[in-house]
Amino acid sequence: MTAQLNGRPATVEHLASAVGGYGHFTTLRVTDGTARGLADHLARLADAHRRVFDTDLDTGFVRECLRRAVPARGTVIARVTLVGSPFADTADVLVTLREAGGTPAAVRLRTVRALRAMPEIKHTGTFSQHFHARAARRAGFDDALFVTGDGHIGETSVCTIGFLGPEGTVVWPDAPVLPGVTQQLLTRGLAGLGVRVEQRPVPVADVGTFRAAFVANAGSLLRPVSAVDHVALPLDDEWMSLLRRAYDTNPPEPV
């Protein structure tokens, strides 16, 4: 992993303060100096910045910090974090890079009655998410699937989840979740391909009625879901190819 703070190499002290710091972030996939949904990621940061630091964000400076950090060739996963003090209205721009993984495999999800704190903001307080994900892995699953107190599906520890309904409609769960940028890109792309998309409550008891399910985020993009708890879900390569095609209809933007 490499890191830069405000466009310059970050020190160990910078990284240590950012781990438990007060702030918010976004994660995006950068390929050959371009990123799909870059404007959406910057809009997410600007909105969160007003909520977290009560001030407007200089997105031009954030973009310049990102541009300095990413390589001109290849694919990396970039995390842009605005980190500071809860007693101040200024923040530093921390950009960290990691390698993009290989072809993602299908995932098995274990439900847990939980919600992320302040889900509308992608903030740095991620302890509970990682705790539940670790517990799911120790139980033989790949990730945790958060379920509301009244039994409706929300999201996984780090991904948006979507379902394919019997009639071919893509369903996003309507619950207190983080609005995903990859979700936004898929929604636009699917609409352009003539696929109906809707958002509605999804009771966990109804999982077995869907034709398929998938999880999405910037890191792994798209992964099919093979099971939720002990309910198996079909794996459909043609369906996953359609999702990838929908994602790819969004043009890459130069960083």
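In case you missed it, the structure is sitting above this.
Definitions and cut-offs
- Residues numbered from 1 in each chain as written.
- Predicted model: local features only at pLDDT ≥ 70, side-chain atom pairs only at ≥ 80, totals over all residues.
- Heavy atoms only, no water.
- Buried < 20%, exposed > 50% of the residue type's maximum accessible area, 1.4 Å probe, protein only.
- Helix = DSSP H or I, 4+ residues; strand = E, 2+ residues; numbered from the N terminus.
- Pairing = 2+ DSSP bridges.

Caption draft 1: Main features of the pairing of strand S14 (residues 221-228). By the criterion of burial, S14 is predominantly enclosed, with seven of the eight residues buried. Here strand S7 (residues 107-113) runs beside S14; their pairing, made up of three bridges, is parallel. From the neighbouring strand, Val107 faces S14, where its bridge partner is Val225. Looking at chain direction, strand S13 (residues 212-217) and S14 are connected through four bridges and run antiparallel. Across the sheet, the residue bridging to Val215 is Arg223, located in S14. Here S13 folds back onto S14, and the loop between the two strands holds three residues. In this structure, S14 lies alongside strand S15 (residues 231-232), joined through two bridges in antiparallel fashion. Residue pairing for S15: Val228 is matched across the bridge by Val231. Counting the residues in the hairpin turn of S14 and S15 gives two residues, including Asp229, whose phi is positive at 55°.

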